[in-house]
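Listed here are the chains, written in short residue letters.
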Amino acid sequence: MSCKRDKVGLPDDFSLSSYHRLSAPELRVSADSIRRQVLAAFSEDDPMPEDSVIADYYSSGGAFLWLSPQGMAQADSLLRRLENCDQHGLDPDYFAARALRDDWDHLCRMSLADGEHIHDLLTRLEAGLTKALVVYATGMQYGFVDAHEVMNYLEEETDLQGRNIPLAEGKRKMVALHHIPLKRADASFPAELLRRLVQEGADFWATLEPASAYYRSLLQEWADLHAVGDASWEAIPLIGDTLIKEGASHWILPQIAHRLQITGELDREAEAASFVTLTPELLQAVNRFRVKNLLSEDNSVGTFTIRYLNRPLQYYKDRIRINLERARWQYAEEKGSKYVIANVAAFMLQAVNEETDSVLEMRICCGTRRNKTPLLSSRIHYVELNPYWNVPQSIIRGEMIPAYRQDSAYFRKNRLRIYDSSGTEVDPHQINWSDYQGGVPFTVKQDNREGNSLGRIIFRFPNNFAVYLHDTPSRWAFMNTNRAVSHGCVRLEKPLDFALFLLKEPDEVLEDRIRAAMDIPPVSEKGKELIAKEEYQELKQHNLKEHIPLFLDYHTVYFSAAGELAYADDPYTYDPPLLKALDELNPINTNEAFYGPL
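Procedures and definitions
Residues numbered from 1 in each chain as written. Predicted model: local features only at pLDDT ≥ 70, side-chain atom pairs only at ≥ 80, totals over all residues. Heavy atoms only, no water. Helix = DSSP H or I, 4+ residues; strand = E, 2+ residues; numbered from the N terminus. Buried < 20%, exposed > 50% of the residue type's maximum accessible area, 1.4 Å probe, protein only. Contact = heavy atoms within 4.5 Å. Areas by Shrake-Rupley, 256 points an atom, 1.4 Å probe, with all protein chains shown as cover. Lys, Arg positive; Asp, Glu negative; His and termini not counted. Salt bridge = Lys/Arg side-chain N within 4 Å of Asp/Glu carboxyl O. Pairing = 2+ DSSP bridges. Axes fitted to C-alpha atoms, helices over the stretch in contact; angles between N-to-C directions. Parallel < 35°, antiparallel > 145°, perpendicular 65-115°, else oblique. Nonpolar A, V, L, I, M, F, W, Y, C, P; charged D, E, K, R; others polar. Core = buried A, V, L, I, M, F, W, Y, C linked by side-chain atoms within 4.5 Å. Phe/Tyr/Trp six-rings, centres within 6.5 Å; stacked < 30°, edge-to-face > 60°. Lys NZ or Arg CZ within 6 Å of the ring centre and 35° of its normal. 1 Å grid on protein atoms, 1.4 Å probe; cavity = no way out; pocket = protein on both sides within 12 Å on 5 of 7 lines; lining within 4 Å. Points joined across faces, edges and corners; volume = space filled by probe spheres on them. Left-handed = near helix turned anticlockwise from the far one by under 90°. pLDDT = per-residue confidence, 0-100. Polar contact = N/O pair within 3.5 Å; in protein donor to acceptor, adjacent residues only side chain to side chain.

Along the backbone of the chain there are 21 helices and 21 strands. Counting only residues that meet the buried cut, the chain has 47% of its 598 residues in that class. A fraction of 67% describes how many contacts in the chain between residues 6 or more apart in sequence connect residues 24 or more apart. With an accessible surface of roughly 30,300 Å², the chain has 49% of that area assigned to carbon and sulfur atoms.

Here is the structure:
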């Protein structure tokens, strides 16, 4: 005031009473008044679950989180995270980031709207930042979308004849597709979050987002995709049945080279038009692209690969965004140091032993689109050698009876035996199969050993779907890109290696007994001696000393044992509903008067 006295005509009287006459009523601050307004904001109709916990914090006298020198520094850290949350595939408007930043700037400039009191601005910031922090941290730790709500109402259940099952007029029975229990934020989470914010200071932010190697790799891929900018590419014409082999010429190759340069598989400094033949350099770039899309490497290029090259950039951005959300979900079942994850979307399995820092990785076959492999968590209890296959009723009715009508020798050729309810074997020719429109009052069992659909070994775990991990005689299926070929069980490319992984500790004799049961020669001297004995009895089952956690999950971006990301197809089309749910997240600024307009 002294500096500006002559310019603004301020009086010479600087007494306290003169100062009060100059002060602006709208700038007078009352902590009690702000606290009351904050509590009112979290006590409105239709509150969110976390609102009551936040209200408890302020009603119990908790210090203001943001309206202090330390709090202002924390507020800046939070605002920067909210404004840059697009790095995690999220929309900043979901957290009212722009509205909060505008209010923050107004506070820094002490600029109020006409008729606004400082309490209104401070209340919006204190309550808005607290709410945004809780929503942001909860989503980062547990996911922003409820997996069960999105995944368990997508399809209608059908009977054995493929007909929808009505519950009531206009209603259908829906199939639950996601059965993996996930962690949920309880009432203690926001309370603990606010406590840590106060006590830990700057260190608080280090643990807010997921820190797994998979999540970090997804973030890097997301950044790399955005670094490409708004690039787009024209669809490369398909070339029918033509296969362009290494060294061959074709007019389509410069377009393929240009496409690979945009996403970095091919050196961007090269002249795309110069690739008139399939050079080793261009073929290597094509194979890099194939590996990143979980395709097999090859020495030629054809229509199949071009279809993948024609996918737009947005396809990959959507895949990353969806799987960032999946990576934020936390299994309720603890993995421990030794666990198995079967990625149904990628048709890949990883058996992880963190104690030895090793990963057994293999291809798998999963259920068809009609017979989807359920997403679940369980624990593998025991290994069964040379199992019989007890055929489910749905397969008897839907597949075997029609096949028998086409070929009366079907059951004999496939080593299938039929038993009545008393366990007596029945001749299939003496059964009038057309009498049974619903369930069939017979059981069908396939002989074990060579040719059995379950192969030579099966890995059992408790579940409500009668699905398991097992060997298979159909080895050809592992060469396919789309390996959705089973009735729901998971077929293993390396069943023996998997069995050895499950053992608690190395045991050369037990390992050789497993080999012998699978008609694989033993490798240890002790094993050879034991199995050569006349009185030796073949191993039929082994109960595991420790039950290994198993997760049948679904990620359309696969993280390999080598630490590389690869894009999987979406065989069950689970991605679109999850993307839709992410797009439809309701922003937290539902009360415009409280959070400020966007």
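To continue, consider the side chain of Arg491. With respect to the helices and strands, Arg491 occurs in strand 18 (residues 490-492). It turns out Arg491 is buried and unbridged, and the closest side chain with the opposite charge, Glu399, is 8.4 Å from it. Beyond its immediate sequence surroundings of up to four residues, Arg491 is in contact with Arg363, Ile364, Cys365, His470, Thr472, Ser474, Phe478, Val485 and Ser486.

With that out of the way, let us pick up the sheet that holds strand 11 (residues 389-390). Sheet architecture is open: four strands sit in the order 11-14-12-13, paired in antiparallel fashion. The open sheet has two edge strands, strand 11 and strand 13 (425-426), and neither has a second partner. Summarising the sheet, strand 11 and strand 14 (residues 443-446) pair through two bridges and their orientation is antiparallel. Directly across from Asn390, in strand 14, lies its bridge partner Lys445.

We now examine the pairing of strand 8 (residues 348-353). Summarising burial for strand 8: six of the six residues are buried, a large majority. Alternating positions in strand 8 separate into two faces, Met348, Gln350 and Val352 on one and Leu349, Ala351 and Asn353 on the other, with burial throughout. Here six bridges tie strand 7 (residues 338-343) to strand 8, and the two strands are oriented antiparallel to one another. Note that in strand 8 the partner of Ala342 across the bridge is Leu349. Connecting strand 7 to the antiparallel partner strand 8 that follows it, the hairpin turn spans four residues, and Phe347 within it adopts a positive phi of roughly 55 degrees.

With that settled, consider the packing of helix 14 (residues 313-328) against helix 20 (residues 575-583). One way to put it is that helix 14 packs onto helix 20 with a least axis distance of 10 Å and a crossing angle of 80 degrees. Relative to helix 20, helix 14 is oriented roughly perpendicular. Two secondary-structure elements touch here, helix 14 through Asp318, Arg319, Arg321, Ile322, Glu325 and Arg326 and helix 20 through Asp575, Leu578, Leu579, Leu582 and Asp583. For the contact of helix 14 with helix 20, a count of residues per class yields four nonpolar, no polar and seven charged.

Of all hydrophobic cores here, the largest spans 85 residues; its most connected members are Phe95, Leu133, Ile256 and Leu260. Setting aside chain neighbours within four positions, we find Leu133 in contact with Trp66, Leu78, Leu193, Leu194, Leu197, Phe204, Trp205 and Leu208. Judged by nonpolar contacts, the second largest core, of 78 residues, contains Trp329, Tyr410, Leu492 and Phe551.

For helix 17 (residues 495-502), the buried fraction is high: six of the eight residues fall into the buried class. Among all positions in helix 17, only Pro495, Leu496, Phe498, Ala499, Phe501 and Leu502 are buried.

Right, let's talk about unusual backbone geometry for a bit. Phi is mostly negative for residues that are not glycine, and the peptide bonds are mostly trans. Here Ala96, not a glycine, exhibits a phi torsion of approximately 55 degrees, which is positive. Looking at the element boundaries, Ala96 is found in the loop between helix 5 (69-83) and helix 6 (97-109).

Okay, the packing of aromatic side chains next. Per the stated rule, a full pass over the model turns up 23 aromatic pairs. Measuring from ring centre to ring centre gives 5.6 Å for Tyr410 and Phe411, while their planes differ by 80 degrees; the resulting arrangement is edge-to-face. Assigned by exposure class, Tyr410 and Phe411 land together as buried. Members of the aromatic cluster, each reached through a chain of ring pairs, are Tyr404, Tyr410, Phe411, Trp433 and Phe442. Over the ring of Phe501 we find Lys338; its NZ or CZ atom is 5.0 Å from the centre of that ring. A cation over a ring is seen here: Lys445 above Tyr388, with NZ or CZ 5.5 Å from the ring centre.

This part is about the pattern of salt bridges. Under the defined criterion, the tally for this structure stands at 32 salt bridges. One salt bridge connects Glu505 with Lys545, and the closest N-O pair in it is separated by 3.9 Å. Separated by 40 residues along the polypeptide, Glu505 in the loop between helix 17 and helix 18 (508-517) and Lys545 in strand 19 (residues 541-553) bring together distant segments of the chain. Judged by its relative accessible area of 45%, Glu505 is partly exposed. Taking relative accessible area as the criterion, Lys545 reaches 66% and is therefore assigned exposed. Put simply, Arg449, Glu450, Arg456, Asp519 and Glu538 are held in one network by salt bridges that share partners.

Attention now moves to empty space enclosed by the protein. All told, the structure shown has one cavity of 30 Å³ or more when counted by the stated rule. By volume, the largest cavity amounts to about 40 Å³. Every residue lining the largest cavity is listed: Met151, His178, Arg326, Trp329, Leu375, Asp553 and Tyr554. When its residues are assigned to classes, the lining of the largest cavity shows four nonpolar, one polar and two charged.

Remark: helix 3 (residues 31-41) packs on helix 4 (residues 49-59), axes separated minimally by 9 Å, with the N-to-C direction vectors making an angle of 165 degrees. Taken together, the axes of helix 3 and helix 4 lie roughly antiparallel to each other. When you trace helix 3 past helix 4, the crossing you get is left-handed. Residue-level inspection shows Arg35, Val38 and Leu39 of helix 3 in contact with helix 4, the latter providing Ala55, Tyr58 and Ser59. Of the residues contributing to the contact of helix 3 with helix 4, the split by class is four nonpolar, one polar and one charged.

To continue, consider the confidence of the model for the chain. Any region with low pLDDT has predicted coordinates that should not be read closely. Taken residue by residue, the chain gives an average pLDDT of 88. The fraction at 70 or more is 89%. Note on residues 167-172: pLDDT under 50 across the span, and seven contacts to partners over four residues away in sequence or across chains. With pLDDT under 50 throughout, residues 590-598 is counted as low confidence; its partners more than four residues away or in other chains account for 26 contacts.

To continue, consider the side chain of His178. Secondary-structure assignment places His178 in the loop between strand 4 (174-175) and helix 9 (188-200). Within polar-contact distance, the side chain of His178 engages the side chain of His148 at 3.5 Å. Excluding anything up to four places from it in sequence, His178 contacts Ala147, His148, Met151, Asn152, Trp329 and Leu375.

Let's shift gears to the environment of Ile252. For Ile252, the position within the fold is in the loop between strand 5 (244-245) and helix 11 (253-262). A relative accessible area of 0% places Ile252 in the buried class. The spatial distance from the C-alpha of Ile252 to the C-alpha of Leu238 is 8.9 Å, given a sequence separation of 14 residues. Look past the residues within four positions of Ile252 in its chain and what remains in contact with it is Ile236, Pro237, Ile239 and Ile244.

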